[in-house]
Amino acid sequence: MTTVTPTDQQAPFAEQNPYAAPGAETRGFSVSSLVLGLVSIVASYTFVVPAIGLVLGILALKREPAARTMAIWGIVLNAVMLGGAVLVSLGALAFGLAMLPFAVFG
């Protein structure tokens, strides 16, 4: 009866099986958060894009410690753009309500 012992010539499991899960961490959430933060600058007055980017950035902080900087930048960009969209919407609502008497009686 022979026993097989691993030697230096044998490839590790990840190299033997190309469909195995990668050992390195992925940076998908943090990259997505950063990209959505940059996209929300162009599409600034939407609520959906910065909200999704903010959620992805928060998830990236917990799941991807290697990509912490990208996640923080994504959170900052998305939070600023989401706050700006809220302020612009509230300002437009206030202006519309202030001009309502002139529209009805004018």
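Residues numbered from 1 in each chain as written. Predicted model: local features only at pLDDT ≥ 70, side-chain atom pairs only at ≥ 80, totals over all residues. Heavy atoms only, no water.

Quick look at the overall build of the chain
Applicable threshold: Only runs of H or I of at least four residues qualify as helices and only runs of E of at least two qualify as strands under DSSP, and these elements are numbered from the N terminus. Categorising residues by exposure relies on relative accessible area from a 1.4 Å probe, with only protein chains included: less than 20% of the type maximum marks a residue as buried, more than 50% marks it as exposed, and the intermediate range marks it as partly exposed. By the convention used here, residues are in contact when the closest approach between their heavy atoms is within 4.5 Å. Only the protein chains shown count as cover for residues, and all accessible areas are computed by the Shrake-Rupley method using a 1.4 Å probe.
If you tally the helices and strands in the chain, you get four helices and zero strands. For the chain, the sequential pattern of α-helices and β-strands runs α-α-α-α. Evaluated residue by residue, the chain yields a buried proportion of 19% over its 106 residues. Put simply, of all contacts in the chain between residues at least 6 apart along the chain, 75% involve residues at least 24 apart. As displayed, the chain has an accessible area near 7,900 Å², and 72% of this comes from carbon and sulfur atoms.

Points about a nonpolar patch on the surface
Heads up, the rule is: What makes a patch is a set of residues exposed beyond 30% relative accessible area and free of salt bridges, joined within 9 Å when like-charged and within 5 Å when nonpolar (Val, Leu, Ile, Met, Phe, Trp, Tyr). The rule for a salt bridge is simple: a side-chain nitrogen of Lys or Arg has to be within 4 Å of a carboxyl oxygen of Asp or Glu.
A contiguous nonpolar patch, built from F47, V86, L90, L93, L97, L100 and V104 and spanning about 670 Å² of accessible area, is present on the exposed surface. For V104, the location among the structural elements is in helix α4 (residues 68-105).

Considering helix α3 (residues 48-63)
Threshold: To estimate how far a helix should extend, the number of its residues minus one is multiplied by 1.5 Å. It is the directions from the helix axis to the C-beta atoms whose arc is reported.
When the terminal C-alpha atoms of α3 are compared, their 22 Å separation across 16 residues agrees well with the 22 Å that a helix rising 1.5 Å per residue should span. Those residues of α3 lying buried are P50, G53, L56, G57 and A60. Down the axis of α3, the smallest arc covering the buried residues is 125 degrees, so these residues share one side. Seen from the buried face of α3, the exposed residues on the opposite side, beyond 90 degrees, are V48, K62 and R63.

Concerning the side chain of S33
The condition that has to hold: In protein, a polar contact requires one atom able to donate a hydrogen and another able to accept it; more generally it is a pair of N or O atoms within 3.5 Å, and residues adjacent in sequence count only if both atoms are side-chain atoms.
Its location among the elements puts S33 in helix α2 (residues 28-42). There is a polar contact of 3.0 Å between the side chain of S33 and the backbone oxygen of G53. Setting aside anything within four residues of it in sequence, one finds S33 in contact with G53, L56, G57, A71, G74, I75 and N78.

Things to note about α2
For an α-helix the count is 3.6 residues per turn, leaving residues at separations of three or four pointing the same way. Its 15 residues place the ends of α2 21 Å apart at the C-alpha level, agreeing with the 21 Å of an ideal helix rising 1.5 Å per residue. Within α2, burial applies to S30, S33, G37 and S40. Around the axis of α2, the buried residues are gathered within 90 degrees of arc, so they sit on the same side.

Concerning the packing of α2 against α3
Test applied: Only the stretch in contact is used when a helix axis is fitted, and all axes are lines through C-alpha atoms; the angle between N-to-C directions ranges over 0 to 180 degrees. An angle counts as roughly parallel when it lies under 35 degrees, as roughly antiparallel when it exceeds 145, as roughly perpendicular when it falls between 65 and 115, and as oblique in every other case. Helix crossings get a hand from a simple test, with the near helix turned counterclockwise from the far one by less than a right angle marking a left-handed crossing and a clockwise turn marking a right-handed one. For this classification, the nonpolar set comprises Ala, Val, Leu, Ile, Met, Phe, Trp, Tyr, Cys and Pro, the charged set comprises Asp, Glu, Lys and Arg, and every other residue, Gly included, is treated as polar.
Contact geometry for α2 and α3: axes closest at 8 Å, N-to-C directions at 155 degrees. Classified by the angle their axes make, α2 and α3 are roughly antiparallel. Read as a crossing pair, α2 and α3 show a hand that is left-handed. Residue-level contacts link F29, S30, S32, S33, L36, V39 and S40 of α2 to V49, P50, I52, G53, L56, G57, L59, A60 and R63 of α3. Among the residues making up the contact of α2 with α3, the classes are represented as nine nonpolar, six polar and one charged.

Regarding the confidence of the model for the chain
To keep things clear, this is the line we draw: Looking at any residue, its pLDDT shows the predictor's confidence there, from 0 to 100.
Of the residues in the chain, 74% reach a pLDDT of 70 or more, and the chain-wide mean stands at 82. Considering each helix and strand of the chain separately, the mean pLDDT is smallest for helix α1 (residues 13-16), with a value of 55, and largest for α3, with 93.

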